[in-house]
Amino acid sequence: MKDVHIRADRIGLDLPVYTQDQRSTRASLSLFLKAAFLPPKRELRTTLDDVSFELLPGDRVGVIGRNGAGKSTLLKVLVGAYPPSRGTLSVAGTRQALLNLSLGFSPEATLVENIILRAIAMGRKPAEAVGLVDDVLAFGELEEKANDRLRTLSSGQKMRLGFSIATASEHQILIMDEWIGTGDAAFVEKAKERMRSRVDSAQIVMLASHNAQLLRSVCNKAILLEKGRLVQLGEVDEVISTYRTLIKQEP
Ligand SMILES: Nc1ncnc2c1ncn2[C@@H]1O[C@H](COP(=O)(O)OP(=O)(O)OP(=O)(O)O)[C@@H](O)[C@H]1O
């Protein structure tokens, strides 16, 4: 197997956006009706542009930037959710994303079925997926609900299930958005402990966050994004300080 790495060489991403002509009750009725019934216009908008970096084992990288700077989008590209529109991306190593914990659940399937489906979607063989079920249910404290349909869970219970599945095993590369525990205090404590151990055992970690304290405690490096471009890659304190200067300026 190749050495664990993430190499982005001038990657860019254009996403389609759909715009609608202004609907205003002050406009004439014909304009109003036209705007209401015309299909939206589709255009491509550049969300990431000319982003290059290389991450190697030992790199724990914070992804910093204003709202809308492209942090989550960059993580989605790195986990393979969006293929880059330009440039080349090379990722070697087993990857685990903790981005949207409740994405991909089947509401009508049971918890056990969802665990197996999700584990298979994450690349497990069916027998391994079945082997994970007991541990996932135990960590999420959801054993009693094992054969209930997923849609009957509370939102906190769904989050616990998503977290338990996503962190069920160790991976070489961990890619995560700042996850906000919606579970109760006891679960959040347990989840933090598990995250810490997954971060420690991963070789490369990327964490997008606005929380400087969290970034300093997890990361040794950081990337600063502004309008989809990489402004700085450096030591975490240095990049946080550039970001603080930047947000004092006008966007
Ligand atoms: N699926 C999508 N289709 C079109 N545009 C998108 C899509 N997802 C995000 N964008 C746009 O891409 C830009 C970057 O969004 P992104 O979610 O990556 O920002 P972010 O840096 O993570 O922001 P935040 O700090 O608010 O979480 C925004 O302008 C957003 O509107």
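Residues numbered from 1 in each chain as written. Predicted model: local features only at pLDDT ≥ 70, side-chain atom pairs only at ≥ 80, totals over all residues.

Notes on the overall build of the protein chain
Then, in step 1: Across its full length, the protein chain carries eight helices and nine strands.
Then, in step 2: Considering only C-alpha atoms, the protein chain reaches an extent of 60 × 45 × 35 Å along its principal axes.
Then, in step 3: Scored against the burial criterion, the 251 residues of the protein chain give a buried share of 30%. (Helix = DSSP H or I, 4+ residues; strand = E, 2+ residues; numbered from the N terminus. Buried ≥ 20, exposed ≤ 12 C-beta atoms within 10 Å, placed from the backbone.)

Notes on unusual backbone geometry
Then, in step 1: Despite not being glycine, R10 has its phi angle at roughly 55 degrees, a positive value.
Then, in step 2: Tracing the backbone through its elements, the reader meets R10 in strand β1 (residues 5-19).
Then, in step 3: You can call R10 partly exposed: it has 13 C-beta atoms within 10 Å.
Then, in step 4: Within the chain, E141 stands out as a residue other than glycine whose phi angle is a positive 55 degrees.
Then, in step 5: Topologically, E141 is positioned in the loop between α4 (126-139) and α5 (155-166).

Description of the sheet that holds strand β2 (residues 41-55)
Then, in step 1: Reading across the sheet, the three strands line up as β2-β1-β4 and stay open at both edges, with antiparallel pairing between neighbours. Either end of the sheet is taken by a strand with one partner, and the two such strands are β2 and β4 (86-92). Sheet twist, expressed as the average angle between the axes of neighbouring strands with direction ignored, equals 35 degrees. (Pairing = 2+ DSSP bridges. Axes fitted to C-alpha atoms, helices over the stretch in contact; angles between N-to-C directions.)

So, helix α2 (residues 71-78)
Then, in step 1: Among the eight residues in α2, six count as buried, and that is most of the element.
Then, in step 2: Of all the residues in α2, the buried ones are K71, L74, L75, K76, V77 and L78.
Then, in step 3: G80, located one to two residues past α2, shows a positive phi value of around 90 degrees.

A word on the site of the ligand
Then, in step 1: If you check the shell around the ligand, you find L15, V17, T47, G65, N67, G68, A69, G70, K71, S72 and T73 and nothing else.
Then, in step 2: For the shell around the ligand, the elements supplying multiple residues, two or more each, are β1 and α2.
Then, in step 3: Take the shell around the ligand: its biggest share by element is three residues, from α2.
Then, in step 4: Tallied by class, the residues present in the shell around the ligand amount to three nonpolar, seven polar and one charged. (Near = placed C-beta within 6 Å. Nonpolar A, V, L, I, M, F, W, Y, C, P; charged D, E, K, R; others polar.)

So, the confidence of the model for the protein chain
Then, in step 1: Mean pLDDT over the protein chain stands at 88; residues scoring 70 or higher make up 91%.
Then, in step 2: Prediction confidence for the complex, expressed as pTM and ipTM, is 0.84 and 0.95 respectively. (pLDDT = per-residue confidence, 0-100.)

Examining the domain arrangement of the protein chain
Then, in step 1: Annotation of the protein chain at the domain level lists domain 1 (1-94 + 171-251) and domain 2 (102-170).
Then, in step 2: Inter-centroid distance (C-alpha atoms) of domain 1 to domain 2 is 26 Å.
Then, in step 3: On the side of domain 2, eight residues touch domain 1, which itself brings 10 residues to the contact.
Then, in step 4: Residues that form the side of domain 1 that touches domain 2 fall into these classes: three nonpolar, four polar and three charged. (Domains from an automatic or database assignment. Contact = placed C-beta atoms within 7 Å.)

Concerning the nonpolar core
For soluble globular proteins, nonpolar side chains are generally found buried alongside one another.
Then, in step 1: The biggest cluster of nonpolar side chains holds 56 residues, and the ones touching the most others in it are V63, L207 and A222.
Then, in step 2: Looking at which domains feed residues into this core, each of domain 1 (1-94 + 171-251) and domain 2 (102-170) gives three or more.
Then, in step 3: Not counting the four nearest positions on each side in its chain, A222 is found in contact with V61, G62, I64, L215, G234, V236, V239 and I240. (Core = buried A, V, L, I, M, F, W, Y, C linked by C-beta atoms within 7 Å.)

Focus on the pairing of β1
Then, in step 1: Where β1 lies against β4, six bridges are found, and the strand directions are antiparallel. Within β4, the residue paired with I6 across the bridge is V91.
Then, in step 2: Examined bridge by bridge, β1 and β2 share 11 bridges and lie antiparallel to one another. Its bridge partner being in β2, L15 is matched across the sheet by R45.

Details of the environment of N114
Then, in step 1: Within the fold, N114 resides in helix α3 (residues 111-121).
Then, in step 2: Assessed through the 24 C-beta atoms surrounding it within 10 Å, N114 is described here as buried.
Then, in step 3: It is 20 Å that separates the C-alpha atoms of N114 and A81, two residues lying 33 residues apart in sequence.
Then, in step 4: Setting aside anything within four residues of it in sequence, one finds N114 in contact with F105, S106, A109 and L150.

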